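# Structural overview
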Amino acid sequence: MHGNILRKNLVTALLLGPATVWLVVFLVLPFIAIAVFSVGERAPEGGYQAAFTLAQYANLPARATAFWNTMLLAPVGALACLLVAYPVAYYLALRAPARWRLILLALVVIPFWTSLLMRTYAWMYILGGRGIPALLAYVGIEDVRLINTPGAVLLGIVYGYLPLMILPIYVSLERLDRRLLEASADLGATPLSTFLGVTLKLSLPGVMTGFSLVMILLLGEYLIPTLLGGGKVFFIGNALVDLFLQSRNWPFGSAIAITLVLVSVVVLIAANRISTRVSGARQVDLI
Amino acid sequence: MRAFVIAVFAFLYLPIVLVVLFSFNAGHHASEFTGFSVQWYGKALSNPFLVEALKNSLFIATTSASLAALCGTAAALGLARVSVRTRAVFDALLGAAIVVPGVVIGISTLVALVQLFAVVNPFLASIWPTDQPPKLSLGYGSIIAAHGLFSMALVAMIVGTRLASLDRNLVEASGDLYATPLTTFRCIVLPQIMPAVIAGFLLAFTFSFDDFIVAFFVAGAQTTLPIYVFASIRRGVTPEINAIATIVLVASVLLVVLAQWQLRQRKQAN
């Protein structure tokens, strides 16, 4: 009996071993490393030098523009995504013909799993001088600048993260008990109040999941502001690439990275709180 | 509402359609389509730097997705056997691996590996019998490991979900009929979780193949396809990129369709 338990524990340890090593070596230790770096100093030739100072954190305002852009465009981008995504998710879950539903859903997922780099690069074409501005010049509207503007970055954000917003909302709408909609109508509610009181309310966990996921990913976004913002609309991600790969100021970069993670955690916790309070339900699992 | 949905789908697919269309453009410019030609495919595939980057990406994606599928599946099986508390710790770490932005994963992996090399390399040099000790550095290994972290977490979650819906009665019945645990695993559990494992592998492969930002930090001197494409875009758009983008898009679509199909099999089996 004793040997049996021992063997069972051994098998469990063997199964979990590789994943544990991976998580510790490539997630936990690296995180501790950047936490330690963030209170250190930049070595004269770049990199890190041991120290204990909060100077890096005090220096955060030096990258205020990157923080400001990110903190502004991440929620605005997520909100714009939501406004576009909700009707699509609603249509797919409640209105689309059953045999089309899965095909349409697959059509939403496919762009998300294809290269964001390639798709964002396509927008460089469309928004660039030979794209829409050339078409507009054709009908007499001259000198329209689209690329390298905050608007272009916002468009890229909505485009890139739309599928990630549609999916969780779709999942929560699809789980909705349709009898509730009928009951609401039977009790004399107008379509609008049924939507607000039943449909929207019950889909809020999905909305919160989508919103917080998109927002967290946007906080670390690099490609979209680089390619469509033309170096003018700098995000925290751009500041991090610059600090680690170009100016090699690792301690300052680490302090920014830690701050970024903390903001992400706050966003996640807030989303979870709001979601629980509003609907009494937990967030929808995405996978 | 239907018109809005159609417009959104057009919005989603417009850039993809344009890239594919212009990859067959005979002319040099993006502004006008001057005739059908496959010349850019020829030019792309005879560019040695591009082919090298493509090979690197294929190697890295295959290796990291395979490792992730193995370790992720093992982890999902292991997690079904541990206490609620241990499980919660693991779930939090796996969730973190998925949610932490790529830019932070890239940075922290870079920082940790550079520190590790600073300790290990002098040690190796001191104990090595010959003058040429092996030297650890950034490259294939670090990209594979960093991609694998996210992928493994993804596989563990997908397989874990499948395990949770597995019919326990079948496992018990198998035991009652005197099958060894190994036989039960091979004949009952494995066939049922296999579609989830394959789907996890395909999604992990796609992620690794497409990832730019994590690789950008930990690649060292290596080049992957997204890193090459990013560098070319910054140098100025060339039609060659359209051809490569089309190949990558078609390959990603096939893999995702395959993964979805595997997951569908799983649902039908229920």
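A brief look at the structure comes next.

What follows concerns the overall build of chain B. When its secondary structure is counted, chain B shows eleven helices and zero strands. Start at the N end of chain B and walk to the C end: the helices and strands fall as α-α-α-α-α-α-α-α-α-α-α. With respect to the three principal axes, the spread of C-alpha positions in chain B is 70 × 65 × 30 Å. Here chain B, with 270 residues, has 49% of them falling under the buried criterion. Excluding contacts between residues fewer than 6 apart, the proportion of contacts in chain B whose partners are at least 24 apart in sequence is 69%. Here chain B has roughly 12800 Å² of accessible surface; of this, 69% comes from carbon and sulfur atoms. For chain B, the separation between the mean place of its 15 positive charges and that of its 10 negative charges on side chains is 5 Å.

Another aspect to go through is the packing of helix H3 (residues 64-95) of chain A against helix H1 (residues 2-23) of chain B. Running from N to C, H3(A) and H1(B) cross one another at 115°; their axes reach a closest spacing of 9 Å. Seen along the crossing, H3(A) lies across H1(B) with a hand that is left-handed. Residue-level inspection shows A:Leu83, A:Val84, A:Pro87, A:Val88 and A:Tyr91 of H3(A) in contact with H1(B), the latter providing B:Arg2, B:Phe4, B:Val5, B:Val8 and B:Phe9. Of the residues contributing to the contact of H3(A) with H1(B), the split by class is nine nonpolar, no polar and one charged.

Side chains three or four residues apart in an α-helix point the same way, a direct result of the helix having 3.6 residues per turn. Taking 1.5 Å per residue as the helical rise, helix H3 (residues 48-79) of chain B with its 32 residues ought to reach 46 Å, and the 45 Å between its terminal C-alpha atoms agrees with that figure. You can read the cap of H3(B) off the contacts: a side-chain oxygen lies 3.0 Å from the backbone nitrogen of B:Phe49, and it is on B:Asn47.

This part is about helix H7 (residues 150-174) of chain A. Across its 25 residues, H7(A) extends 35 Å between first and last C-alpha, which sits within 8% of the 36 Å expected from 1.5 Å per residue. The largest bend in H7(A) is about 50°, located at A:Tyr161, with the proline A:Pro163 one to four residues further on.

All names here are of chain A. A positive phi is found at Asn-148, a non-glycine position, where the angle reads about 65°. Tracing the chain through its elements places Asn-148 in the loop between helix H6 (132-138) and H7. Even without glycine at this site, Arg-248 takes up a positive phi of about 50°. If you trace the backbone, Arg-248 turns up in the loop between helix H11 (236-246) and helix H12 (250-279).

With that out of the way, let us pick up the pattern of salt bridges. All names here are of chain B. Scanning the entire structure with this criterion turns up three salt bridges over all chains. With a closest N to O distance of 3.5 Å, Arg-87 and Asp-91 form a salt bridge. With Arg-87 and Asp-91 both in helix H4 (residues 84-99), this residue pair falls four residues apart, about one helical turn.

Further remarks concern the nonpolar core. Among the nonpolar cores identified, the biggest contains 169 residues, and A:Leu240 and B:Phe217 are the most heavily contacted of them. Of the residues forming this core, the biggest block, 15 residues, is contributed by H3(A). Not counting chain neighbours up to four residues away, the residues in contact with A:Leu240 comprise A:Gly253, A:Ile256, A:Ala257, A:Leu260, B:Val103, B:Ile107 and B:Phe217.

The next subject is the interface of chain A and chain B. Many analyses report the size of an interface as the accessible area lost when the parts associate. Residue-level contacts link 66 residues of chain A with 84 residues of chain B. In total, about 6900 Å² of surface goes out of reach between chain A and chain B, with carbon and sulfur atoms giving 85% of it. Linking chain A with chain B are zero salt bridges, by the criterion used here. Connecting chain A to chain B are nine residue pairs in polar contact (both at pLDDT 80 or more).

Let us now look at the packing of aromatic side chains. Following the criterion strictly, the structure yields 23 aromatic pairs over all chains and no others. An aromatic cluster of three or more residues is present, and its members are A:Phe37, A:Tyr48, A:Phe244, A:Trp250 and B:Phe217. Here the basic side chain of B:Lys43 rests over the ring of B:Trp40, its NZ or CZ set 4.7 Å away from the ring centre.

Residues and elements named next belong to chain A. Within the secondary structure, Gln-56 sits in helix H2 (residues 55-58). Here Gln-56 falls in the buried class, since its relative accessible area comes to 9%. In this structure the C-alpha to C-alpha distance between Gln-56 and Ser-254, which are 198 residues apart in sequence, comes to 8.5 Å. When residues no more than four places from it in sequence are discounted, the contact partners of Gln-56 are Ser-38, Gly-40, Glu-41, Arg-42, Pro-251, Phe-252 and Ala-255. Separated by 2.9 Å, the side chain of Gln-56 and the backbone oxygen of Gly-40 make a polar contact. Here Phe-252 takes part through its backbone nitrogen, which lies 3.4 Å from a polar atom of the side chain of Gln-56.

Procedures and definitions
- Residue positions within a chain follow its written sequence, with the count starting from 1.
- Ligands are numbered from 1 and chains lettered from A, in the order in which they are written.
- Local features in a predicted model are, by the rule used here, given only for residues with pLDDT of at least 70; side-chain atom pairs are given and counted only at 80 or more, and totals for whole chains, interfaces and linings are based on all residues.
- Only hydrogens and water are set aside; all other atoms, that is, all heavy atoms of the structure, feed into the side-chain values.
- Per the convention used, a helix needs a DSSP run of H or I reaching at least four residues, while a strand needs a run of E reaching at least two, with both numbered from the N terminus.
- Each residue gets one of three labels from its accessible area relative to the maximum for its type: buried under 20%, exposed over 50%, partly exposed in between, using a 1.4 Å probe on protein chains only.
- Throughout, a contact is declared for two residues whenever any of their heavy atoms are within 4.5 Å.
- Using the Shrake-Rupley algorithm and a 1.4 Å probe, accessible areas are obtained, with residue cover drawn only from the displayed protein chains.
- Positive charges come from Lys and Arg, negative ones from Asp and Glu, while His and the chain ends are left out of the count.
- By convention, the point assigned to a charge is CZ for Arg, NZ for Lys, CD for Glu and CG for Asp.
- Axes here refer to lines fitted to C-alpha atoms; in helices the fit is confined to the stretch in contact. Angles between the N-to-C directions go from 0 to 180 degrees.
- By the definition used in this description, the sense in which the near helix is turned from the far one sets the handedness, with an anticlockwise turn below a right angle giving left-handed and a clockwise turn giving right-handed.
- In this classification, Asp, Glu, Lys and Arg are treated as charged, Ala, Val, Leu, Ile, Met, Phe, Trp, Tyr, Cys and Pro as nonpolar, and every other residue, Gly included, as polar.
- The span you would expect from a helix comes to 1.5 Å times its residue count less one.
- Definition of a polar contact: a pair of N or O atoms within 3.5 Å, with one able to donate and the other able to accept a hydrogen when the atoms are protein atoms, and with sequence-neighbouring residues admitted only if both atoms are side-chain atoms.
- In this analysis the local bend is the angle between axes fitted, respectively, to the seven residues ending at and the seven residues starting at the residue.
- When a carboxyl oxygen of Asp or Glu lies within 4 Å of a side-chain nitrogen of Lys or Arg, that pair is called a salt bridge.
- The definition of a nonpolar core used throughout is a set of buried Ala, Val, Leu, Ile, Met, Phe, Trp, Tyr and Cys residues joined through side-chain atoms within 4.5 Å.
- Buried area counts how much accessible surface, traced with a 1.4 Å probe, disappears from two parts once they are put together, with both parts' losses summed.
- Think of it this way: a Phe, Tyr or Trp ring, Trp meaning its six-membered ring, pairs with another when their centres are within 6.5 Å, and the plane angle makes it stacked under 30 degrees, edge-to-face over 60, tilted otherwise.
- Either the NZ atom of lysine or the CZ atom of arginine qualifies as a charge over a ring when it sits within 6 Å of the ring centre and within 35 degrees of the ring normal.

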